[in-house]
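# Commentary on secondary and tertiary structure
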Amino acid sequence: MENAATFLTIKQAAQQVNRSEQTIRRLVKQYVKTSHIQTELTPKGNTYLISQTFLAQQYPSQAEPLPAVTAQAQVPEVAELERQLAERDQTIQQLQNRLLEQNDVLNALTSQVNSQRIGRIEELLLSQNEQLGELQKRLPEPREAPIVLPVPESIKRGFWQRVFGK
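In short, a report on the structure. (Residues numbered from 1 in each chain as written. Predicted model: local features only at pLDDT ≥ 70, side-chain atom pairs only at ≥ 80, totals over all residues. Heavy atoms only, no water.)

## A closer look at the pairing of strand β2 (residues 37–42)
Heads up, the condition is: Two strands qualify as a pair provided that DSSP identifies no fewer than 2 bridges between them. A run of H or I in DSSP becomes a helix once it reaches four residues, and a run of E becomes a strand once it reaches two; helices and strands are each numbered from the N terminus.
Taken together, the six bridges between β2 and strand β3 (residues 45–51) define a ladder with antiparallel strand orientation. Bridge pairing links Thr 42 to Gly 45 in β3. Taking the residues between adjacent antiparallel strands as the criterion, β2 and β3 are bridged by two residues.

## A word on the packing of aromatic side chains
Rule in force here: Planes of paired rings set the category: under 30 degrees apart is stacked, over 60 is edge-to-face and the rest tilted, where pairs are Phe, Tyr or Trp rings (Trp by its six-membered ring) whose centres lie within 6.5 Å.
Within this structure, the stated rule accounts for three aromatic pairs. Summarising the aromatic geometry, the rings of Phe 159 and Trp 160 are spaced 5.1 Å apart at their centres and angled 75° between planes, so their arrangement reads as edge-to-face. With a centroid separation of 5.8 Å and an interplanar angle of 10°, the aromatic rings of Trp 160 and Phe 164 are classed as stacked. One end of the pair is Trp 160 and the other is Phe 164, both in helix α5 (residues 159–164) and four residues apart, which spans about a single turn. Taken together, the ring pairs connect Phe 159, Trp 160 and Phe 164 into an aromatic cluster.

## So, the nonpolar core
Defined as follows: The set of buried Ala, Val, Leu, Ile, Met, Phe, Trp, Tyr and Cys residues whose side-chain atoms join them within 4.5 Å is what this entry labels a nonpolar core. In this scheme, a residue with accessible area under 20% of its type's maximum is buried, one over 50% is exposed, and one in between is partly exposed, where area comes from a 1.4 Å probe on protein chains only. Residues count as neighbours in contact if any of their non-hydrogen atoms are within 4.5 Å of one another.
Counting 13 residues, the largest nonpolar core has Ala 13, Ile 24, Leu 27, Val 28, Ile 50, Leu 55 and Tyr 59 as the members making the most contacts within it. Ranked by residue count, the leading element in this core is helix α1 (residues 10–17), at four residues. Apart from residues lying up to four places away in sequence, Leu 27 is in contact with Ile 50, Phe 54, Leu 55, Gln 58 and Tyr 59.

## Observations regarding the packing of α1 against helix α2 (residues 21–30)
To be explicit about the condition: Note on geometry: axes are lines fitted to C-alpha atoms, helical ones only across the stretch in contact, with angles between N-to-C directions running from 0 to 180 degrees. Angle categories are assigned with fixed cut-offs, so that under 35 degrees is roughly parallel, over 145 is roughly antiparallel, 65 to 115 is roughly perpendicular, and the rest are oblique. Take the far helix as your reference; a near helix turned counterclockwise from it by less than a right angle gives a left-handed crossing, and one turned clockwise gives a right-handed crossing. Three classes are used, and their members are as follows: Ala, Val, Leu, Ile, Met, Phe, Trp, Tyr, Cys and Pro are nonpolar, Asp, Glu, Lys and Arg are charged, and the others, Gly among them, are polar.
Interhelical geometry of α1 versus α2 gives an angle of 115° and a closest axis separation of 8 Å. The angle between the axes of α1 and α2 places the two elements in the roughly perpendicular class. For the pair α1 and α2, the crossing hand works out as right-handed. Packed against α1, whose contacting residues are Ile 10, Lys 11, Ala 13, Ala 14 and Val 17, the element α2 presents Glu 21, Ile 24, Arg 25 and Val 28 at the interface. Residues belonging to the contact of α1 with α2 are distributed by class as follows: six nonpolar, no polar and three charged.

## Some points on the sheet that holds β3
Sheet strands pair by backbone hydrogen bonding; their relative direction is either parallel or antiparallel. Taking strand neighbours across the sheet as the criterion, the three strands line up as β1-β3-β2 in an open arrangement whose pairing is antiparallel. In this open sheet, the two strands that pair with only one neighbour each are β1 (7–9) and β2. Ignoring which end each strand starts from, the neighbouring axes of this sheet average 40° apart. Packing against the sheet, α1 makes contact with β1 and β3, and its axis sits at approximately 100° to β1.

## A few points about a nonpolar patch on the surface
Operational definition: Each patch groups residues whose relative accessible area exceeds 30% and which form no salt bridge, using 9 Å between like charges and 5 Å between nonpolar side chains of Val, Leu, Ile, Met, Phe, Trp and Tyr. Only the protein chains shown count as cover for residues, and all accessible areas are computed by the Shrake-Rupley method using a 1.4 Å probe. In the sections that follow, a salt bridge refers to a side-chain nitrogen of Lys or Arg positioned within 4 Å of a carboxyl oxygen of Asp or Glu.
On the surface, Phe 159, Trp 160, Val 163 and Phe 164 cluster together into a nonpolar patch covering about 510 Å² of accessible area. Tracing the backbone through its elements, the reader meets Phe 159 in helix α5.

## Section: the pattern of salt bridges
Working definition: two side chains of opposite charge can pair if their charged atoms are close together. A complete count under the given rule lists four salt bridges for this structure. For the salt bridge of Glu 87 with Arg 83, the shortest nitrogen-to-oxygen distance reads 2.1 Å. One end of the pair is Glu 87 and the other is Arg 83, both in helix α4 (residues 74–138) and four residues apart, which spans about a single turn. Classification of Arg 83 as partly exposed rests on a relative accessible area of 38%. Through salt bridges that share partners, Glu 80, Arg 83 and Glu 87 make up one connected network.

Laid out in structure tokens, this is it:
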């Protein structure tokens, strides 16, 4: 059996093999009864430890050396691609600046149109208030309303009153 120094927590194992903690938890669940997985009792519950060698067997290192760029023909191509990329970046920046300028112009025009509309609405309200005042002056003075006496309603009799006559 392996010593305690070669066992990792789930979080450490996930970082070492560049996998998610959930992936390592699934692996632990499959092999929980084997000697590759140890359970440690903590105040918060059980903590699982996984063997470093077992982890390396399950997820072998994907590190492969990158091929060295030695071909002289590729260097001019890379330079040309970098130049084209720089041109596109510059074009994108110019287009973004133009878009921002057009947005500013649009905002200014919208603000101007809104202020003109508000001014026109205010003018209409003032003229309508004047017309309302003139119409109120034309109305006759209110007089006292005639007193209308209520008409007495017939007394409604209930069922038993109608039957027994009371």
